[in-house]
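# Fold and contact review
Residue strings, one per chain:
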Amino acid sequence: MAMMAKGITTLAKELQNRDRKVVICETFFYLLIISVAIIGNSCVLLAVYRNSRLRTIPNYYIVSLAISDILLPLLCAPNSIVVAIVGYWPFNDNVCQTQGFFVIILACASLLTLTLTAINRFYRLVLTKRYRRIFTKRRTLIMIAFGVGLACLEPLPYLISGRRYVFHPGKLFCFQTAEISFPNFIVYFYVGVPTFTLSICYALVFRQIRIHRRTVQNLRSCSTAVDNITHADVRVTKILFITVMGLLACWMPIAVIDFIDTFRGEVSFPRQVYVFYLFLGNFSGAINPFLYGFLNRNLRREYRKIFSLRKRNSRLQHLQIDLTSFSTRNPCSTELTAN
């Protein structure tokens, strides 16, 4: 613990003594990432709200993930932005505990939601007969709510044991202490079990897709297990799988950094690595809306409608202003309108 405290002190001094250019660059890129995450995921929610055809069971998971990706920067980023600017933690301990609490919950909620999508795809393409009975819209919402509730339980053993979240000057936010203990390792259980589950589910799903394609290519009669597999099912599965890969690509390095720090009991990396850690944790939420839009034709079409509507409204406002100014300058125009 002495080595950890020494490392934290060193990181705190480096944070305070940054060059102005470094402060501007770190703050700019952090603001850019969280702005893209908030705007992009808000467009996902707006698209699903506007278009009833997008309210499918797989999209329920996308909506849940989008909500998590909006709440994470909204609830946790403002404090870190201030820290990035001023170079130290200017808030009280209650703010620190609140930030650490939401960071853990929202990160776990995202991973559990993606695990539920993998289970959904497993039933849809492998255990097809049971799919419609298990995954109704109501039951899907209950499953998502259960996953969020389970994520909310993760911090409780850590806090009940008397431990507190502490500010990490490298990561720029409050997080649990790096020590070998049961409460600290619960987070790895929340990461390990879902990651293993979704890996197995997608392995079996893609195995079933290969069997289906081979059967179709050989012009044999499809078995009952693959009768109901459609091109749309395969496309949705690929979209969700790529989303999972994007999140894991961002969060696995984070887990490795935390794991190494915990077992070594000291700050193991330079400050730049921890800043990259912070950016990665928010970057997964920023790329998801682009993945959905690039891979999902219906969602991409709705994106176009949203932005074209904004442009059309802007043109109408300018036209109204022009007409108003014209009528003000030309009294005869009022008479013509009245006639």
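Everything numeric in this text was worked out from a predicted model, so none of it was measured. (Residues numbered from 1 in each chain as written. Predicted model: local features only at pLDDT ≥ 70, side-chain atom pairs only at ≥ 80, totals over all residues. Heavy atoms only, no water.)

## A look at the overall build of the protein chain
Helices and strands together make up the secondary structure of the protein chain, namely 13 helices and two strands. Considering only contacts within the protein chain whose residues lie at least 6 apart along the sequence, 76% involve residues at least 24 apart. In the structure as shown, the protein chain presents an accessible area of about 18,300 Å², 66% of it carried by carbon and sulfur atoms. (Helix = DSSP H or I, 4+ residues; strand = E, 2+ residues; numbered from the N terminus. Contact = heavy atoms within 4.5 Å. Areas by Shrake-Rupley, 256 points an atom, 1.4 Å probe, with all protein chains shown as cover.)

## Considering helix α6 (residues 137–153)
Think of an α-helix as 3.6 residues a turn; residues three or four steps apart then line up on the same face. Taking 1.5 Å per residue as the helical rise, α6 with its 17 residues ought to reach 24 Å, and the 25 Å between its terminal C-alpha atoms agrees with that figure. Within α6, burial applies to T140, I144, G147 and A151. Buried positions in α6, seen along its axis, are confined to an arc of 55 degrees and lie on one side of it. In this structure, α6 carries R138 and F146 as exposed residues pointing more than 90 degrees from its buried face. (Expected span 1.5 Å × (residues − 1). Buried < 20%, exposed > 50% of the residue type's maximum accessible area, 1.4 Å probe, protein only. Arc of directions from axis to C-beta.)

## Focus on the environment of I257
Counting through the fold element by element, I257 comes out in helix α10 (residues 231–264). Between the alpha carbons of I257 and F269 there is a distance of 8.2 Å; along the sequence they are twelve residues apart. Here I257 is in contact with F269, V273, Y274 and Y277, once residues within four sequence places are set aside.

## A closer look at the pattern of salt bridges
Overall, the coordinates contain five salt bridges when judged by the stated rule. Where E26 meets R18, a salt bridge forms, and the shortest distance between an N and an O atom there is 2.9 Å. R50 is the salt-bridge partner of E302, the closest N and O atoms lying 3.1 Å from each other. With a gap of 252 residues between them, E302 in helix α12 (residues 297–329) and R50 in helix α2 (residues 20–50) connect regions that are remote in the sequence. Residue classification places R50 among the partly exposed residues on the basis of a relative accessible area of 37%. If you follow the salt bridges from partner to partner, you end up with R18, E26 and R271 in one network. (Salt bridge = Lys/Arg side-chain N within 4 Å of Asp/Glu carboxyl O.)

## Some points on the packing of helix α4 (residues 93–125) against α10
Contact pair α4 / α10: the axes reach a minimum separation of 10 Å and the direction vectors enclose 150 degrees. Relative to α10, the element α4 is oriented roughly antiparallel. When the axes of α4 and α10 are compared, the crossing they make is left-handed. Contacts from A107, S110, L111, L114, T117, R121, R124 and L125 in α4 reach D233, V236, T237, L240, T243, V244, L247, L248 and W251 in α10. Along the lines of polarity and charge, the residues of the contact of α4 with α10 split into ten nonpolar, four polar and three charged. (Axes fitted to C-alpha atoms, helices over the stretch in contact; angles between N-to-C directions. Parallel < 35°, antiparallel > 145°, perpendicular 65-115°, else oblique. Left-handed = near helix turned anticlockwise from the far one by under 90°. Nonpolar A, V, L, I, M, F, W, Y, C, P; charged D, E, K, R; others polar.)

## Focus: unusual backbone geometry
Trans is the common state for peptide bonds, and a negative phi is the common state for residues other than glycine. Residue L172 is not a glycine yet carries a positive backbone phi of 70 degrees. Positionally, L172 belongs in the loop between β1 (166–168) and β2 (173–175).

## Section: the state of the cysteines
Overall, the coordinates contain one disulfide when judged by the stated rule. The disulfide partner of C96 is C174, and the gap between their sulfur atoms is 2.0 Å. Looking along the S-S bond of the C96-C174 disulfide, the torsion reads about -120 degrees, which is the left-handed sense. Taken together, the residues C96 in helix α4 and C174 in strand β2 connect sequence positions 78 residues apart. Taking the relative accessible area as the measure of exposure, C174 reaches 0% and is therefore buried. The structure places no disulfide on C152, whose sulfur is separated from the nearest cysteine sulfur, that of C108, by 9.7 Å. Take C152: its relative accessible area is 32%, and that puts it in the partly exposed class. (Disulfide = S-S within 2.5 Å.)

## Considerations on a positive patch on the surface
Taken together, the side chains of R53, R297, R301, R304 and K305 define a basic patch exposed on the protein surface. Counting through the fold element by element, R53 comes out in the loop between α2 and α3 (57–86). (Patch = residues over 30% accessible without salt bridge, like charges linked within 9 Å, V, L, I, M, F, W, Y side chains within 5 Å. Lys, Arg positive; Asp, Glu negative; His and termini not counted. Charge placed at Lys NZ, Arg CZ, Asp CG, Glu CD.)

## With respect to α3
The terminal C-alpha atoms of α3, which comprises 30 residues, lie 45 Å apart, in line with the 44 Å expected from a rise of 1.5 Å per residue. Taking the largest bend as the criterion, α3 deviates by roughly 50 degrees, centred on A77, and proline P78 comes between one and four positions later. Once α3 finishes, G87 follows within two positions and takes phi at roughly 90 degrees, a positive value. (Bend = angle between axes of the 7 residues up to and from the residue.)

## Digging into the side chain of N51
As for its position among the elements, N51 is in the loop between α2 and α3. Of the residues examined, N51 reaches a relative accessible area of 11% and is grouped as buried. In this structure the side chain of N51 is engaged in a polar contact, spanning 3.1 Å, whose partner is the side chain of E302. (Polar contact = N/O pair within 3.5 Å; in protein donor to acceptor, adjacent residues only side chain to side chain.)

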